[in-house]
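Observations on chain architecture
What follows is each chain in one-letter form.
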Amino acid sequence: MSTNFKGYLIKFNSGGKSTFPHKYLAKEPTFTPDQRLDANAYRDANADLHRTTINNHKSKLELETIPGLTLEQRIELETDMLQGRLDNIERKYRITYWNDDIDVLNYETGYFYLADISYTIESISDTTIVYSAIKYTFVEY
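Figured I'd write up the structure that's included with this text. (Residues numbered from 1 in each chain as written. Predicted model: local features only at pLDDT ≥ 70, side-chain atom pairs only at ≥ 80, totals over all residues. Heavy atoms only, no water.)

1. Observations concerning the sheet that holds strand E9 (residues 121-124)
One open sheet holds the three strands; their spatial order is E5-E10-E9, and the pairing between them is antiparallel. Of all strands in the sheet, those with a lone pairing partner are strand E5 (69-70) and E9, marking the two edges. (Pairing = 2+ DSSP bridges. Helix = DSSP H or I, 4+ residues; strand = E, 2+ residues; numbered from the N terminus.)

Structure, rendered in structure tokens:
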């Protein structure tokens, strides 16, 4: 059986070649594809759930780096990410990603914002900084 997988999970600016470098990924990136959004949901007197679900699904992409990333490696990684950034203020990105939803199992392209990032420093020297794992969370518009 053939698949459409092309060897990457996430690419910034679908026309370019800036993929998230796998060598910096922790073992378990977490993608939550095609999340369902409810316009209205409630439980009736019998505790039965009633939902009005919007037919416009959104994905969330969570990638965590390996611990021990140096400042130079972080710059390399984030330079690749910048290839897909459309708006600095919003941290808006155009991203092509592997969608594991059973109805898709293919690449999709969407617009995402990068959630705030916390950086924990493991050590510093006269020439570099070493970081603990860094988590990047992209949430689709």
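Continuing now.
2. Some points on the pairing of strand E7 (residues 92-99)
Of all eight residues in E7, six are buried; the element is thus mostly enclosed. Pairing analysis gives three bridges linking strand E1 (residues 10-12) to E7, with the strands arranged antiparallel. Paired with Phe12 across the strands is Ile95, a residue of E7. Here two bridges tie strand E6 (residues 85-87) to E7, and the two strands are oriented antiparallel to one another. Residue Arg85 lies in a different strand from E7, and its bridge partner there is Tyr93. The turn linking E6 back onto E7 is made up of four residues, and Arg91 within it adopts a positive phi angle of 55 degrees. By the bridge criterion, eight bridges tie E7 to strand E8 (residues 106-114) in an arrangement that is antiparallel. Looking across to E8, one finds that Arg94 is bridged to Tyr111. Hairpin connection from E7 to E8: six residues lie between these consecutive antiparallel strands, with Leu105 at a positive phi of about 45 degrees. (Buried < 20%, exposed > 50% of the residue type's maximum accessible area, 1.4 Å probe, protein only.)

3. Regarding a nonpolar patch on the surface
Together, Leu86, Tyr111, Tyr113 and Tyr141 give the surface a local cluster of nonpolar side chains, amounting to about 400 Å² of exposed area. In this structure, Tyr111 sits in strand E8. (Patch = residues over 30% accessible without salt bridge, like charges linked within 9 Å, V, L, I, M, F, W, Y side chains within 5 Å. Areas by Shrake-Rupley, 256 points an atom, 1.4 Å probe, with all protein chains shown as cover. Salt bridge = Lys/Arg side-chain N within 4 Å of Asp/Glu carboxyl O.)

4. A word on the environment of Ile124
As for its position among the elements, Ile124 is in strand E9. Look at Ile124 and you get exposed, because its relative accessible area is 66%. In this structure the C-alpha to C-alpha distance between Ile124 and Thr70, which are 54 residues apart in sequence, comes to 9.5 Å.

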